[in-house]
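Each chain, written out:
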Amino acid sequence: MVDDNIFRSILRRYWGYSDFRPLQLDIIRSVYEGKDVLGLMPTGGGKSITFQVPALAMPGVCLVVTPLIALMKDQVDNLRDRGIMAAAIYSGMTDQEIFTALDNCVYGDFKFLYVSPERLGTELFIGKVKLMNVCMIAVDESHCISQWGYDFRPSYLRIAQVRDIIPNAPVLALTATATPDVVDDIQRQLRFRTPNVYKKSFERKNIAYVVRRTDDKMGQMLKILNSVQGTSIVYVRSREKTKEIADWLKKQGVSADHFHAGLSQETKNRKQEAWKSGECRVIVATNAFGMGIDKPDVRTVIHVDLPDTLEAYFQEAGRAGRDEKRSYATLLYNKMDITNLKKRIAESYPPRDFIKKVYAKLSYFFEIGEGEGEGFVHSFSLGEFSTSFHLPITQTFSALKILQQAGYLELTDDLNLGSRVMFVVPRRKLYDFDFSKEPLLDDVLEMLLRSYSGLFADYARIDETDMSARLGITRDELYQKLSRLRYFGVIDYIPGKKTPYVKFVRPRVDESQLVITKAVYEERMKRFAQRIEYVIAYATDDSHCRSRMLLHYFGEENPHDCGACDYCLTKRDEGVTNYLFDKVSASIYAALSECPRSMRELLSLLDVEESKALSVIRFLRDQNVVEVDEANWIRWKKVWTPRSSRSSAKKAST
């Protein structure tokens, strides 16, 4: 039996926490003992700790598979800041960068190797992994491996092949959103030796879920922000609306800014820091915002547009109230939103002929002939491509995603790789170079050595804006100096750029030979349509607790309404909230199901104010649910069952 104090000492040493959150230690123990584990934890539940702590207690390298490249880079930087050696490989890196990162994990004292799933199948990666002592495989966003999931990525299926190479390394799969079918499929696809699921309830007792049907979304949003003080995130679908709404809020006297993936990294960093520090109160953003941002005191999350899935909504709403204080997740919608959401089905699954046309144009765009192109990777501008061939951009993006699902190509999201530098000569050789004719090069070298550590062993991301300001030169002048140092063979300098990438994973075929299976197209379209119907049902249903609906979607049977959502707090005609009505009616049912009771006896059994109990009894009598005779005896007529009793009965039957 492992001593838990080993894990606690690691937690204190590197993170400064005295103890773990619920479920974390159970997962850590299980994977440390060599078992395959699936951990289901809500957003903000501390998933990364569950693989980082046991990996530090085990000899060898922890292989971390994640599709979120921005988050991957942040985690690597955070680990290094704590004195833990970590590396990452993903699309867009140079061959030399990848070689260096992999060699450091083979021969160096590195504990974590983060890798994007599309890199798992390369010969270089497979060859290097065979030389590594891999202690465990952590799979973040593990729902991506399931074709039943809302974000299936075929590249995740390669994880099973990696298990063949390192069969003794246990797998820890983690996700914040998984339905029961997806839970089973994750374990099957990752070849779990024994089913082993640790699940923390997705219930967030401090979050009040609210839905408002309104034709005045701006007014409702402002009313919420004025009613609930504190930090807020407002989610919208389009980049244009982020700025439009942020500008409108500023005119109303609300401190606000906008955020989306199309902004430069410097701008995004500045906006994030202003929001995190409280300088900016409201950030209006697309779903590009929030992942990996640890801000505990978000009081409101407002969705101005309907999301595509309840999985996405639940994850985004879950960014509220991580400090466990009362917070609000509000969804605003109108009739047009439902119409537009249904249109998303056709936009997301364009006709097969259109998909084949996009594939042919893409091959032409990159001048790839039939039978060629396997392994081809190139930066890719969706806007430029769509404009060049007069293709509608939304359907074109959807066609590319379907081609990815079908296994013909892989498409990354927008990446900002940042500028990277590494010395390619030993430190002692630096003094052999004569820069007397270009004296400022010495100053640049000195600043690199003083500002960044480990440059002789690995690449480091540099901040050219900061460096140029400290040197008293322009950014362009610094670029020229760094390029000169690269020319002299002193450093390898890779200027940063922001771009998505496309990769052909098969040789090009003629579009007439393109195969898009029923599983990739019809079945996924059907499941997508079902998810949209779930979103619409959640928005339009005014007869159930919001928290209960969400938890039921994720396979939880919660016998209690939350008492805080818009349904629970709505008052019936008799002046009692829905939450209290359901609670009292269930108690009345329990008391009367045994035998009739006198009014006085019944009231004594109910743990509620007498006036409220009488209001519920009167309502039930008027609805012919209970019968009150002349002697004031009450009996249940068994024509109606209260909601909470029905839920309990259903749970018992299953």
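Below or above, wherever it landed, is the structure these notes cover. Since the structure is predicted, the reported quantities are computational estimates derived from the model, not experimental observations. (Residues numbered from 1 in each chain as written. Predicted model: local features only at pLDDT ≥ 70, side-chain atom pairs only at ≥ 80, totals over all residues. Heavy atoms only, no water.)

1. Things to note about the environment of Y479
This is how it is decided: For helices the rule is a DSSP run of H or I covering at least 4 residues; for strands it is a run of E covering at least 2, with both sets numbered from the N terminus onward. Burial here depends on accessible area, computed with a 1.4 Å probe over protein chains only, as a share of the maximum for the residue type. Under 20% is buried, over 50% is exposed, and the range in between is partly exposed. Contacts are residue-level and defined by heavy atoms, with any inter-residue pair within 4.5 Å sufficient.
Structurally, the position occupied by Y479 is in helix α19 (residues 475–487). Accessibility expressed as a relative area gives 33% for Y479, which makes it partly exposed. Spatially, the C-alpha atoms of Y479 and D566 are 56 Å apart, while their sequence positions differ by 87 residues. When neighbours within four sequence positions are excluded, Y479 is seen to be in contact with Y493 and P495.

2. A short note on the side chain of S585
Where we set the bar: Counted as a polar contact is a pair of N or O atoms within 3.5 Å, where, for protein atoms, one must be capable of donating a hydrogen and the other of accepting one, and residues adjacent in sequence contribute only when both atoms are in side chains.
When you line up the elements, S585 lands in helix α23 (residues 578–592). On the basis of relative accessibility, which here comes to 0%, the residue S585 falls in the buried class. There is a polar contact of 3.1 Å between the side chain of S585 and the backbone oxygen of D582.

3. Description of the sheet that holds strand β15 (residues 409–411)
Selection rule: Strand pairing follows a simple DSSP-based rule, namely that at least 2 bridges must link the two strands. Here an axis means a line fitted to C-alpha atoms, over the contact stretch when the element is a helix, while the angle between two N-to-C directions is reported on a 0 to 180 degree scale.
With antiparallel pairing, three strands are arranged side by side in an open sheet as β14-β21-β15. If you trace the sheet from one side to the other, it starts and ends with β14 (377–379) and β15, each paired once. For this sheet the average axis-to-axis angle between neighbouring strands, irrespective of direction, equals 15 degrees. By the bridge criterion, three bridges tie β14 to strand β21 (residues 501–504) in an arrangement that is antiparallel. Bridged to H378 within β21 is V502.

4. Comments concerning the packing of aromatic side chains
Rules: Ring pairs are drawn from Phe, Tyr and Trp, using the six-membered ring of Trp, whenever the two centres fall within 6.5 Å, and their geometry is named by plane angle: stacked under 30 degrees, edge-to-face over 60, tilted for the rest.
Tallying each qualifying case throughout the model produces 26 aromatic pairs. Centroid distance F380 to F385: 5.6 Å. Interplanar angle 55 degrees. Geometry classified as tilted. Each member of the pair F380 and F385 is classed as buried. Here the aromatic rings of F423 and F456 are separated by 4.6 Å at their centres, their planes lie at 15 degrees, and the arrangement is stacked. Separated by 33 residues along the polypeptide, F423 in strand β17 (residues 419–423) and F456 in the loop between α17 (440–451) and β18 (460–462) bring together distant segments of the chain. When its relative accessible area of 2% is taken as the criterion, F423 is described as buried.

5. Digging into the pairing of strand β10 (residues 256–259)
Neither face of β10 is exposed, since A256 and H258 on one face and D257 and F259 on the opposite face are all buried. Pairing between β10 and strand β11 (residues 282–285): four bridges, direction parallel. When the sheet's bridge partners are listed, F259 is paired in β11 with A285.

6. Let's talk about the environment of A519
Tracing the backbone through its elements, the reader meets A519 in the loop between β21 and α20 (522–540). A519 sits 355 residues away from D164 along the chain, and the two C-alpha atoms are 26 Å apart. Residues within four places of A519 in sequence aside, it is in contact with Q147, R524 and R527.

Honestly, it's all geometry; don't read function into it.
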